[in-house]
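What the coordinates show
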Amino acid sequence: MYIYDSVQKKKLPFEPIEENRVSLYVCGPTVYDDAHLGHARASLTFDLLSRTLKAHGYEVTMAKNFTDIDDKIIKKVKTTGKSMEEITSYYIERYLAEMEALGIQRADIEPKATESLDAIETMIQELLDKEIAYMISTGDIYFDTSKDTKYGTISNRIANDEESINRVEHNIEKRNPKDFALWKACKKEDNNCFDTAFCRGRPGWHIECSAMIEKYFQGNADYTIDIHGGGADLLFPHHENEAAQSRCATGHELAKYWMHNGFVQIDGEKMSKSLGNSFFLKDALKHYDGEVLRYYLNSVHYRNNFNFSEEDLRQSKKRLDKLYRLKKRIWPQKASLPNRLFKQSLLDAMADDLNISKALAAIDEMVAHTNELLDTNPKDKGLKKETLANILFIEELLGFGGKDPFFYFQIGIDHTLKTKIEILIKERIEAKENKDFARSDAIRNELTALGIHIMDTPDGTLWEKV
RNA sequence: GGAGCUAUCGCCAAGUUGGUAAGGCAGCAGAUUGCAAAUCUGCCAUUCACCAGUUCGAGUCUGGUUAGCUCCUCCA
């Protein structure tokens, strides 16, 4: 397998620390609000990575954290009057449910910052002991970036570019402008604090990831984990700082490979809360099935920016529909084994830094080819069994195509409407048998008006929701 | 101001180490159909933002230009 490393900025052959095993850590959300499409993209990217690694025979251990201590959460506590625990557990639950709708497999480890305070405290203490961290008069603890000679090597940033320094409002007691907080001392009237040996307070943003990785993964003398992932916006300062803390505290590098996914954009601009153009996942899921959304969001290579548009989403859905139409033609059937060449073409495509476009093209070709074969020999049982196995493999590797094909085309149709559709189709069949085509066409128009497409096949009349 | 990414058919989007442009949507023609839909077949970029260079040969390498985006502040 080849993966693109954002630190070296090139595709590298993937060689895990331990043969056949992969440790993967992905930065999860700060749980103070609903997830937007950008969170979905990040989750989808690393879900795809994890599935691909597994399909290539690796045993994957994936961790994804929840940041549940943070300024914004505390702000929400103040504005809502709810407890921190109430807020974070609510959004964690929402997040997991929405990700499940997208077919994202749960991480093996889902640590929360609040449950990792022991590891956080240990690491900060280690840095204090080594005099790499220092406490200022308020009790805040900072990381001294000048003590780390490798600081800046993750994001490839030259230290001391003055312009950027001027832009950051910095504490006068900080030794270097780029020093960042490891621990924030408790201020009066603040209840969301934790006791430690150094002082009552709460962790800074960056330390939790380093501490949790150290807590859950072993690594070797050079690296703690194989792959560290996250959104491209986390490269600096978050991942730079994580790497620095871990390097200084443990004496070895945090991750062997760093992977970053591109942004979801709206009209060519990054979707973000500060720009006010966020598209919440919950709203998208009201209009579109999670699987359709997954297919669409995964259809562009993970490193590229993704420009979201409903028009593109509809185009994308048509492509997925074709797979399900084929599945209808072979349904129901028992799966045999997937076609060897087909399976290999998908594995090869994904092994090339998750080249999803190549994989989707291979699927389209398989669909067209199988349809062609079924046109000439509709009862080829062996072909049907193999095709179902192909589709099951698609679902395993890429996370779509797993539904009952008839159900897929009926999502969003309630019982009353379904009964009505079935009655109309029955009437139309009778009209057709009587060669009353005017009546038959009138019924078809009625169905079209309901958003239902019908198709007459040798096996009877089938219908789909548009 | 500093750092970086991107620019391929009407739309979306691939393109390993340079060797003569995947796939999908839309469109056109045909097979099929009572007519449709679905499905299949054929057609659909001598050309890859622009200019110059290296080369027998460049979308792919080098230099420059233009445009868009991102990071440098919380952010997936």
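Quick note: structure is the one above.
What comes next concerns the included structure. This is a predicted model, so every value here is computed, not measured. (Residues numbered from 1 in each chain as written. Chains lettered and ligands numbered in written order. Predicted model: local features only at pLDDT ≥ 70, side-chain atom pairs only at ≥ 80, totals over all residues. Heavy atoms only, no water.)

A short note on the overall build of chain A
As a reminder of what qualifies: What counts as a helix is a DSSP run of H or I of at least four residues, what counts as a strand is a run of E of at least two, and both are numbered from the N terminus. Burial here depends on accessible area, computed with a 1.4 Å probe over protein chains only, as a share of the maximum for the residue type. Under 20% is buried, over 50% is exposed, and the range in between is partly exposed. Per-residue and other accessible areas follow the Shrake-Rupley method at a 1.4 Å probe size, with only the shown protein chains counted as cover for residues. The convention is simple: Lys and Arg are positive, Asp and Glu are negative, and His and the chain ends are not counted. Working definition for charges: the position is that of NZ of Lys, CZ of Arg, CG of Asp or CD of Glu.
A tally of regular secondary structure across chain A gives 16 helices and 15 strands. Counting only C-alpha atoms and orienting by the principal axes, one finds that chain A spans roughly 90 × 50 × 40 Å. Counting over 466 residues, chain A shows a buried share of 50%. In the structure as shown, chain A presents an accessible area of about 22,800 Å², 49% of it carried by carbon and sulfur atoms. Charge centroids of chain A, computed over 65 positive and 76 negative side chains, lie 4 Å from each other.

Side note on the state of the cysteines
We apply this condition: Pairs of cysteine sulfur atoms within 2.5 Å are what we label disulfides.
Applying the stated criterion across every chain yields a total of 1 disulfide. Linked covalently through their sulfurs, Cys186 and Cys193 form a disulfide whose S-S length is 2.3 Å. Note on the Cys186 and Cys193 pair: the S-S dihedral is about 90°, so by sign convention the disulfide is right-handed. Accessibility expressed as a relative area gives 25% for Cys186, which makes it partly exposed. As a non-bridged cysteine, Cys209 has Cys27 as the owner of its nearest cysteine sulfur, 4.0 Å distant. Given a relative accessible area of 1%, Cys209 falls into the buried group. Sulfur of Cys248: no disulfide; nearest cysteine sulfur belongs to Cys209 and is 17 Å away.

Overview of the sheet that holds strand S12 (residues 269-270)
Two strands in a sheet stick together by hydrogen bonds in their backbones, pointing the same way (parallel) or opposite ways (antiparallel). Rules: Two strands pair under a simple rule: DSSP has to find at least two bridges between them.
As summarised here, the arrangement of the 3 strands in space is S12-S11-S13, forming an open sheet in which the pairing is mixed. A single partner strand is all that each edge strand has here, and the edge strands are S12 and strand S13 (306-308). Taken together, the 3 bridges between strand S11 (residues 264-266) and S13 define a ladder with parallel strand orientation. Within S13, the position partnered with Val264 by the bridge is Phe306.

Remarks on empty space enclosed by the protein
Here is the rule: Put plainly, a pocket is an open set of points on a 1 Å grid over the protein atoms alone with protein on both sides within 12 Å along at least five of seven lines, a cavity is a set where a 1.4 Å probe fits but cannot get out, and a lining residue has an atom within 4 Å of a point. Grid points are joined across faces, edges and corners, and a volume is the space filled by probe spheres set on the points.
Taken as a whole, this structure holds 4 cavities of 30 Å³ or more when the rule is applied. When its volume is computed, the largest cavity comes out at roughly 70 Å³. Residue lining of the largest cavity: Arg41, Leu44, Thr45, Leu48, Leu297, Asn298, Val300, His301, Tyr302, Leu354 and Ile356, and that is the complete set. Sorting elements by how many residues they give to the lining of the largest cavity places helix H1 (residues 37-55) first, with 4 residues.

A short note on helix H9 (residues 290-297)
In terms of burial, H9 is largely enclosed, as 8 of its 8 residues are buried. Of the residues making up H9, those classed as buried are Gly290, Glu291, Val292, Leu293, Arg294, Tyr295, Tyr296 and Leu297.

So, the sheet that holds strand S4 (residues 59-64)
The criterion, for reference: Axis lines are fitted to C-alpha atoms, over the contacting stretch for helices. Their N-to-C directions set the angle, which ranges from 0 to 180 degrees. By definition, residues are in contact when any of their heavy atoms lie within 4.5 Å.
Pairing is parallel across the open sheet formed by 4 strands, whose spatial order is S4-S3-S9-S10. Strand pairing shows two members of the sheet lacking a second neighbour, S4 and strand S10 (253-261), which therefore form its edges. Going from strand to strand, the sheet's axes swing by 25° on average, the running direction of each strand aside. Sheet topology places strand S3 (residues 21-26) next to strand S9 (residues 223-231); 3 bridges connect them, and they run parallel. Among the inter-strand pairings, Leu24 is bridged to a residue of S9, identified as Ile227. Contacting S3, S9 and S10, helix H6 (residues 205-216) crosses the sheet at an angle of about 140° to S9.

Things to note about the packing of aromatic side chains
In plain terms, the rule: Pairing of aromatic rings covers Phe, Tyr and the six-membered ring of Trp, with a centre-to-centre limit of 6.5 Å; geometry is then stacked below 30 degrees between planes, edge-to-face above 60, and tilted otherwise.
Applying the stated criterion to the full structure yields 13 aromatic pairs. A ring pair is formed by Tyr295 and Phe400, whose centres lie 4.8 Å apart and whose planes are at 85°; its orientation type is edge-to-face. Taken as a pair, Tyr295 in helix H9 and Phe400 in the loop between helix H13 (381-398) and helix H14 (405-408) lie far apart in primary sequence, 105 residues in all. Taking the relative accessible area as the measure of exposure, Tyr295 reaches 5% and is therefore buried.

Digging into the pairing of strand S15 (residues 460-465)
As paired elements, strand S14 (residues 452-457) and S15 share 6 bridges and run antiparallel to each other. Paired with Met455 across the two strands is Leu462, which belongs to S15. Hairpin connection between S14 and S15: a loop of 2 residues separates the two successive antiparallel strands.

Considerations on the side chain of Ser116
This is how it is decided: Polar contact criterion, stated in full: a pair of N or O atoms within 3.5 Å, where within protein one must be able to donate a hydrogen and the other to accept it, and residues adjacent in sequence count only if both atoms are side-chain atoms.
Within the secondary structure, Ser116 sits in the loop between helix H3 (84-101) and helix H4 (117-129). Overall, Ser116 belongs to the buried group, its relative accessible area being 0%. In terms of polar contacts, Ser116 uses its side chain to reach the backbone carbonyl oxygen of Lys112, at 2.8 Å. Ser116 has contacts with Pro111, Met212 and Lys215, leaving out every residue within four places of it along the chain.

A few points about the layout of surface pockets
With a probe scaled to a water molecule rolled over the atoms, the places where space remains empty come into view. The condition that has to hold: Those domain boundaries reflect an automatic or database domain assignment.
One number sums up the size of the second largest pocket: a volume of about 620 Å³. Every residue lining the second largest pocket is counted, 22 residues in all, and those nearest its centre are Tyr288, Lys317, Asp321, Lys465 and Val466. Of all the secondary-structure elements, those providing two or more residues to the lining of the second largest pocket are helix H8 (281-287), helix H10 (310-329) and S15. In terms of residue count, the dominant contributor to the lining of the second largest pocket is H10 (8 residues). Both domains that meet at the lining of the second largest pocket, namely domain 2 (310-407) and domain 3 (415-465), each give it at least three residues.

Any functional reading would require information beyond the geometric quantities listed.
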